[in-house]
Amino acid sequence: LLLKIISTILFLLLNNDKKFTVTFDTDSVEQIPSIDVKNNESIKLPEIPTKEGYTFIGWTGSNGGTPEVSVKINKSLGDLHYIANWQQNS
């Protein structure tokens, strides 16, 4: 029983140190570097990128979801990739 408790605690400790990579595709000249985030940490999404002749309308996640201003990263999400959405100015 003690061995099982110790192994469970070690598993939880090691799993919390896992890092996930969050990348951003701006589809513009402006590039945003990727971010390495620890399990269960939150990140604030980057400032609004710019693209000449377009208005930024938000980020879409690789899972199809539309994120809020911040995202809590966890192992069920894994690595994330966000794509900038643009609307052409008239």
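Before going further, it helps to spend a moment on the overall build of the chain. Across its full length, the chain holds 1 helix and 6 strands. Counted from the first residue to the last, the chain has its helices and strands arranged as α-β-β-β-β-β-β. For the chain, the proportion of its 90 residues judged to be buried stands at 27%. Put simply, 58% of the contacts in the chain that link residues at least 6 apart link residues at least 24 apart. Summed over its atoms, the accessible surface of the chain is roughly 6,500 Å², and 56% of this surface lies on carbon and sulfur atoms.

This next bit is on unusual backbone geometry. Excluding glycine, most residues fall at negative phi; most peptide bonds, likewise, are trans. The backbone phi angle of Asp27 is positive, close to 50 degrees, even though this residue is not glycine. Within the secondary structure, Asp27 is located in the loop between strand 1 (19–25) and strand 2 (35–38).

In terms of nonpolar packing, the biggest core is built from 15 residues, with Val22, Phe24, Leu45, Trp59, Val71, Ile73 and Tyr82 touching the most fellow members. Elements supplying a minimum of two residues to this core: strand 1, strand 4 (54–61) and strand 6 (80–88). Looking at this core, the element that brings in the most residues is strand 6, giving 4 residues.

Each value, and the rule that gives it
Residues numbered from 1 in each chain as written. Predicted model: local features only at pLDDT ≥ 70, side-chain atom pairs only at ≥ 80, totals over all residues. Heavy atoms only, no water. Helix = DSSP H or I, 4+ residues; strand = E, 2+ residues; numbered from the N terminus. Buried < 20%, exposed > 50% of the residue type's maximum accessible area, 1.4 Å probe, protein only. Contact = heavy atoms within 4.5 Å. Areas by Shrake-Rupley, 256 points an atom, 1.4 Å probe, with all protein chains shown as cover. Core = buried A, V, L, I, M, F, W, Y, C linked by side-chain atoms within 4.5 Å.

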